[in-house]
Amino acid sequence: MTGRVDGKVAFITGAARGQGRSHAVRLAAEGADIIAVDICENISTVTPFYELATEADLEETARLVEKEGRRIVARKADVRDRDALQEAFDAGAAEFGGVDIVVANAGIASYGKSWELTRQQWDDMIAVNLTGVYNTAVVAIPTMIEAGRGGSIMFTASIGGFKGIQQVGHYVAAKHGIVGLMRNMANELGEYSIRVNTIHPTNVDTMMIQNPGTHGMFAPGDPEPTQDKAMAGFMSLNTLPVPWVGAADISNAVVFLASDEAQFITGATLPVDAGANVK
């Protein structure tokens, strides 16, 4: 029995751990070869809250993909650097003969009231979570058009792409921005049978939320926030009685949108949010 994306090639950013690793391994299990990219170093406005992935993390993603019997080209590249990203993409596309699936997943989080964010916090957030998504798409699109076999492009958004969330105004601005970009690209790329959609998770059980910065959002005023102290806040966000979803839950949506099952879905904002957006 073949997989749901058998014989396809997926380009994934932020692939060293968390959601990105989950997407890479799941798409590989469903038959895809993988081009995996990650910055594999820290960003100064993020590290007060949590550490970013390492080259060892990216190597582990490669091992897990190969364990599924698929091929992978893994490269260290920063989505803010379009030239480096293009080089990484081209290396994978040359190895595998093109690309069919793009998952612009790389993203960061930092925290503060909107008017108290530093200039560097704002600039880093927009550069990674908005411009980085744009760069991920544009390095791949010409090759996809030339190949003439259509494809699926996905942007990892957030419930913050639907509504405001306190303490992350720069994050919300970036996520709203990629929704607009997705809608525009869906119209522009429709004639080439390239579909473009956004996926909107609630909190996902990765390092991006399991850190003191996020715990502090959900336990405001506590000088030593912890997961336990933040749990009531996490639970209050969602309609379903869960504090967060797993990376695998988002990967389910990625596989669906990448597959022929979603061949007529484009321009969509797909929530995987435990009902957070309707609450």
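The structure presented is a predicted model; accordingly, all values stated were derived computationally and were not measured. (Residues numbered from 1 in each chain as written. Predicted model: local features only at pLDDT ≥ 70, side-chain atom pairs only at ≥ 80, totals over all residues. Heavy atoms only, no water.)

Caption draft 1: Representation of the side chain of Gln 121. You can see Gln 121 is positioned in helix α4 (residues 119-147). Owing to a relative accessible area of 10%, Gln 121 belongs among the buried residues under this scheme. Here Tyr 111 takes part through its backbone oxygen, which lies 3.2 Å from a polar atom of the side chain of Gln 121. Excluding anything up to four places from it in sequence, Gln 121 contacts Thr 45, Phe 49, Ser 110, Tyr 111, Glu 116 and His 170. (Helix = DSSP H or I, 4+ residues; strand = E, 2+ residues; numbered from the N terminus. Buried < 20%, exposed > 50% of the residue type's maximum accessible area, 1.4 Å probe, protein only. Polar contact = N/O pair within 3.5 Å; in protein donor to acceptor, adjacent residues only side chain to side chain. Contact = heavy atoms within 4.5 Å.)

Caption draft 2: Representation of the packing of aromatic side chains within the structure. Counted according to the given criterion, the structure contains four aromatic pairs. Ring centres of Phe 234 and Trp 244 lie 5.2 Å apart, and the angle between their planes is 80 degrees; this geometry places the pair in the edge-to-face category. Residue Phe 234 is located in helix α7 (residues 227-237), and its partner Trp 244 is located in the loop between α7 and α8 (247-258); the two are separated by 10 residues in the primary sequence. Phe 234 gets classed as buried once you look at its relative accessible area, which sits at 0%. Grouping aromatic residues by their ring pairs yields a cluster made of Phe 218, Phe 234 and Trp 244. (Phe/Tyr/Trp six-rings, centres within 6.5 Å; stacked < 30°, edge-to-face > 60°.)

Caption draft 3: Structural detail: the packing of helix α1 (residues 18-29) against helix α2 (residues 55-67). One can describe the packing of α1 onto α2 by two numbers: an axis separation of 9 Å at closest approach and a directional angle of 15 degrees. When the axis of α1 is compared with that of α2, the two are roughly parallel. Crossing angle aside, the handedness with which α1 passes α2 is right-handed. Mapping the contact onto sequence places Arg 21, Ala 24, Val 25 and Ala 28 in α1 and Asp 57, Glu 60, Thr 61, Leu 64 and Val 65 in α2. (Axes fitted to C-alpha atoms, helices over the stretch in contact; angles between N-to-C directions. Parallel < 35°, antiparallel > 145°, perpendicular 65-115°, else oblique. Left-handed = near helix turned anticlockwise from the far one by under 90°.)

Caption draft 4: Molecular detail of the pairing of strand β4 (residues 101-104). Taking every second residue as pointing to the same face, both faces of β4 are buried, with Ile 101 and Val 103 on one and Val 102 and Ala 104 on the other. The sheet contact formed by strand β1 (residues 9-13) and β4 spans three bridges and is parallel. Bridge assignment links Phe 11 to a residue of β4, and that residue is Val 102. Two strands pair when backbone bridges link them, and β4 and strand β5 (residues 151-156) are joined in this way by four bridges, in the parallel orientation. From the neighbouring strand, Ile 101 faces β5, where its bridge partner is Ser 152. For the crossover that starts at β4, traverses α4 and ends in the parallel β5, the hand is right-handed. (Pairing = 2+ DSSP bridges. Right-handed = clockwise from strand over helix to strand, strands pointing away.)

Caption draft 5: Quick peek at the domain arrangement of the protein chain. Each assigned domain of the protein chain is listed here: domain 1 (9-204 + 246-266) and domain 2 (210-243). Each of domain 1 and domain 2 was reduced to a C-alpha centroid, and the two centroids are 26 Å apart. Each partner contributes to the interface: domain 1 provides 10 residues, whereas domain 2 provides 10 residues. The junction of domain 1 with domain 2 conceals about 720 Å² of combined surface from both sides, 61% of it contributed by carbon and sulfur atoms. When the buried surface of domain 1 facing domain 2 is broken down by residue, Phe 49, Tyr 111 and Asn 203 rank first, second and third, together holding 58% of it. The tally of links from domain 1 across to domain 2 stands at two residue pairs in polar contact (both at pLDDT 80 or more). Considered class by class, the residues forming the side of domain 1 that touches domain 2 number six nonpolar, four polar and no charged. (Domains from an automatic or database assignment. Buried area = accessible area lost by both parts, 1.4 Å probe. Nonpolar A, V, L, I, M, F, W, Y, C, P; charged D, E, K, R; others polar.)

Caption draft 6: Seen up close, the layout of surface pockets. Space inside the largest pocket adds up to approximately 760 Å³. Taken together, 43 residues form the lining of the largest pocket, with Tyr 50, Gly 107, Ile 108, Thr 206 and Met 208 sitting closest to its centre. Among the secondary structure elements, those contributing two or more residues to the lining of the largest pocket are α1, β2 (33-38), α4, α5 (169-189) and α6 (212-218). Of the residues in the lining of the largest pocket, the class split is 26 nonpolar, 13 polar and four charged. Each of two domains, domain 1 (9-204 + 246-266) and domain 2 (210-243), supplies a minimum of three residues to the lining of the largest pocket. (1 Å grid on protein atoms, 1.4 Å probe; cavity = no way out; pocket = protein on both sides within 12 Å on 5 of 7 lines; lining within 4 Å. Points joined across faces, edges and corners; volume = space filled by probe spheres on them.)

Caption draft 7: Here's a closer look at α8. Between its first and last C-alpha, α8 extends 16 Å over 12 residues, near the 16 Å set by a 1.5 Å rise per residue. What α8 keeps buried is the set Ala 247, Ile 250, Ser 251, Ala 253, Val 254, Val 255, Leu 257 and Ala 258. Where the residues of α8 are buried, they touch α1, β4, β5, β6 (194-201) and β7 (269-272). (Expected span 1.5 Å × (residues − 1).)

Caption draft 8: How the structure looks around unusual backbone geometry. One non-glycine residue with positive phi stands out, namely Cys 40, at about 55 degrees. Following the sequence through the fold, Cys 40 ends up in the loop between β2 and α2. A relative accessible area of 8% means that Cys 40 is categorised as buried. Of note in the backbone geometry, Ala 274 takes a positive phi value of approximately 55 degrees without being a glycine. If you trace the backbone, Ala 274 turns up in the segment after β7. Of the residues examined, Ala 274 reaches a relative accessible area of 11% and is grouped as buried.

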